[in-house]
Amino acid sequence: MNPDKKRIRKKDSESFFREITTAISDMLFTCDRQLNCTYWNLVSEKLTGIPANEAIGRSIHYLFPELRQSMEIEKRCRQAIETGRSQFFDEELCLKGKKYWFRIDVHPMK
């Protein structure tokens, strides 16, 4: 395959990913193995008040300070990374002074 076609495909897939994650009405973010944010969608910005450019590269503990009391999210993220299996659970989080119940899905990716 010629290199230009590879670049086009990569660009198309990135564009497709951004289009999907912008269109959904759920909070969606991705993290690396150290639990630092690598992607932060528009709903994440709206619910937390943290713009994507400030969230990217930050620890989930910075983004969600209440995680220091509840280690469930970190535990489930680490389980997903270690086992390669998705984790699903409910968690109450306080965002901008307001409490929300979230259905949290953690999916390990390569």
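Residues numbered from 1 in each chain as written. Predicted model: local features only at pLDDT ≥ 70, side-chain atom pairs only at ≥ 80, totals over all residues. Heavy atoms only, no water.

Asks: What exactly am I supposed to notice about the side chain of His61 here?
Replies: Mapped onto the elements, His61 comes out in helix 4 (residues 60–63). Classification of His61 by relative accessible area gives buried; the value is 18%. A distance of 2.8 Å separates the side chain of His61 from the side chain of Glu74, its partner in a polar contact. (Helix = DSSP H or I, 4+ residues; strand = E, 2+ residues; numbered from the N terminus. Buried < 20%, exposed > 50% of the residue type's maximum accessible area, 1.4 Å probe, protein only. Polar contact = N/O pair within 3.5 Å; in protein donor to acceptor, adjacent residues only side chain to side chain.)

Asks: I keep staring at the nonpolar core and nothing clicks. Help me out?
Replies: Counting residues in hydrophobic clusters, the biggest one holds 18 residues, and the most contacted among them are Trp40, Ala55, Leu63, Phe64, Ile73, Ile104 and Val106. Mapped by element, the contributors of at least two residues to this core are strand 2 (37–40), helix 3 (52–55), helix 4, helix 5 (72–83), strand 3 (87–95) and strand 4 (98–106). Residue contacts for Trp40: discarding those within four places in its chain leaves Met27, Leu28, Phe29, Glu45, Thr48, Ile50, Pro51, Ala52, Ala55, Ile56, Leu63 and Phe64. (Core = buried A, V, L, I, M, F, W, Y, C linked by side-chain atoms within 4.5 Å. Contact = heavy atoms within 4.5 Å.)

Asks: How should the pattern of salt bridges be read in this particular structure?
Replies: Two side chains that carry opposite charge are able to pair once their charged atoms sit near each other. Tallied over the full model, the rule gives three salt bridges. Between Arg78 and Glu74 there is a salt bridge, with its nearest N and O atoms 3.2 Å apart. Residue Arg78 and its partner Glu74 are both found in helix 5; the two are separated by four residues, about one turn of the helix. In the salt-bridge network here, residues are joined through shared partners; they are Asp90, Arg103 and Asp105. (Salt bridge = Lys/Arg side-chain N within 4 Å of Asp/Glu carboxyl O.)

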